[in-house]
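# Structure assessment
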Amino acid sequence: GDSVTQKQGQVTLSEDDFLFINCTYSTTTYPTLLWYVQYPGQGPQLLLKVTTANNKGISRGFEATYDKGTTSFHLQKASVQESDSAVYFCALVDPRYKVVFGSGTRLLVSP
Amino acid sequence: EAGVTQSPRYAVLQEGQAVSFWCDPISGHDTLYWYQQPRDQGPQLLVYFRDEAVIDNSQLPSDRFSAVRPKGTNSTLKIQSAKQGDTATYLCASRTGGDTQYFGPGTRLLVL
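What comes next is a walk through the structure.

Rules of the game
Residues numbered from 1 in each chain as written. Chains lettered and ligands numbered in written order. Predicted model: local features only at pLDDT ≥ 70, side-chain atom pairs only at ≥ 80, totals over all residues. Heavy atoms only, no water. Contact = heavy atoms within 4.5 Å. Buried area = accessible area lost by both parts, 1.4 Å probe. Salt bridge = Lys/Arg side-chain N within 4 Å of Asp/Glu carboxyl O. Polar contact = N/O pair within 3.5 Å; in protein donor to acceptor, adjacent residues only side chain to side chain. Helix = DSSP H or I, 4+ residues; strand = E, 2+ residues; numbered from the N terminus. Nonpolar A, V, L, I, M, F, W, Y, C, P; charged D, E, K, R; others polar. Core = buried A, V, L, I, M, F, W, Y, C linked by side-chain atoms within 4.5 Å. Buried < 20%, exposed > 50% of the residue type's maximum accessible area, 1.4 Å probe, protein only. Disulfide = S-S within 2.5 Å.

Turning to the interface of chain A and chain B, a few remarks are in order. Across the contact, 19 residues belong to chain A and 22 residues belong to chain B. Interface area, chain A with chain B, both sides summed: about 1,600 Å², of which 48% is carbon and sulfur. When the buried area of chain A at its contact with chain B is split by residue, A:R96, A:Y97 and A:K98 rank highest and sum to 31% of it. Remark: the boundary between chain A and chain B carries two salt bridges. Of the charged contacts in the structure, one is a salt bridge between B:D56 and A:K98, with a shortest N-O distance of 2.8 Å. Taken together, the connections running from chain A to chain B amount to nine residue pairs in polar contact (both at pLDDT 80 or more). Where the side of chain A that touches chain B is concerned, the elements lending two or more residues are β5 (32-38), β6 (45-50), β10 (86-93) and β11 (99-101) of chain A. For the side of chain A that touches chain B, the element with the most residues is β5(A), which contributes three residues. Grouping the amino acids of the side of chain A that touches chain B by side-chain chemistry returns eight nonpolar, seven polar and four charged.

Next comes the structure, spelled out in structure tokens:
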């Protein structure tokens with residue numbers, strides 16, 4: 001079945017550092033790929049999505065590129081802020097609109 | 001436009017007790033999802049509906065969990081005889097048209 005892997009459980013940075021969160025996926029289809037962000041006490045919110053048509057998503061300074069060759073969908077941001085501290089989930093949407101989530105990466109940004 | 005609402009926000013039970021969670025999706029959203037999110041893990045789909053019909057409940061532990069959406073709007077998820085392993089946040093999400101799901105704030109369940 002479909003799966004999404006995030007190997008980094010936690011990333012700790014200082015403000016203005018570069019962010020890179022690793023995500024790889026496994027599927028037999030060409031899914032839509034998503035990044036969700038979850039703040040304490042809230043449900044996940046869609047941060048950005050990428051389809052096979054556009055290959056790259058950009059939102060709020062975050063960007064992710066769909067790489068079919070390496071089946072990766074890493075999340076990057078040039079300069080993080082303390083307010084970016086949250087849990088980030090990589091996910092894929094299958095053709096039946098079921099979403100499969102990764103295990104999440106907690107980002108801690110110190111001022 | 002109001003988002004997805006869920007109640008209660010918190011629940012604490014002893015093992016063996018029953019509990020129900022309620023979800024009100026975004027108005028007009030025909031598809032509704034229930035997820036279980038254990039601590040420090042990603043959400044895992046339990047069941048989803050299109051209107052009042054169950055589309056997929058293959059991950060719902062049918063011996064103790066049940067879910068209904070009788071009028072194709074609000075939905076209730078019930079756990080009979082809760083176990084400690086059911087401790088998690090239960091998330092509801094809704095969708096219409098495209099592939100973006102909108103999540104509610106969740107119900108945090110602790111089973112002692």
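What follows covers the nonpolar core. Residues A:L19, A:W35, A:L47, A:L48, A:F73, A:L75 and A:Y88 are the most contacted members of the largest nonpolar core, which totals 26 residues. Counting residues per element, the ones that place at least two in this core are β2 (10-14), β3 (19-21), β5, β6, β8 (62-65), β10 and β12 (105-110) of chain A. Top contributing element to this core by residue count: β10(A), with four residues. For A:L75, the residues in contact, after removing those within four places along its chain, are A:L19, A:F20, A:I21, A:W35, A:L47, A:L48, A:F62, A:E63, A:A64 and A:Y88. Counting residues in each nonpolar core, the second largest holds 23 residues, with B:C23, B:V47, B:F49 and B:C92 among its members.

This next bit is on unusual backbone geometry. Following B:S7, the chain continues into B:P8 via a peptide bond in cis, with omega recorded as -10 degrees. Positionally, B:P8 belongs in the loop between β1 (5-7) and β2 (10-13). Backbone geometry at A:Y97 places phi at a positive 65 degrees, although glycine is not the residue there. When its relative accessible area of 33% is taken as the criterion, A:Y97 is described as partly exposed. With a phi angle near 65 degrees, B:D40 is a residue other than glycine that sits in the positive phi range. If you trace the backbone, B:D40 turns up in the loop between β4 (31-37) and β5 (44-50).

A few words now on the state of the cysteines. All names here are of chain A. The tally for this structure, following the rule as stated, stands at two disulfides over all chains. Through a disulfide, C23 is tied to C90; the S-S separation comes to 2.0 Å. With the S-S dihedral at roughly -65 degrees, the linkage between C23 and C90 falls on the left-handed side. You can see C23 sitting in the loop between β3 and β4 (24-26) and its partner C90 sitting in strand β10, a full 67 residues away along the chain. For the pair formed by C23 and C90, the shared burial category is buried.

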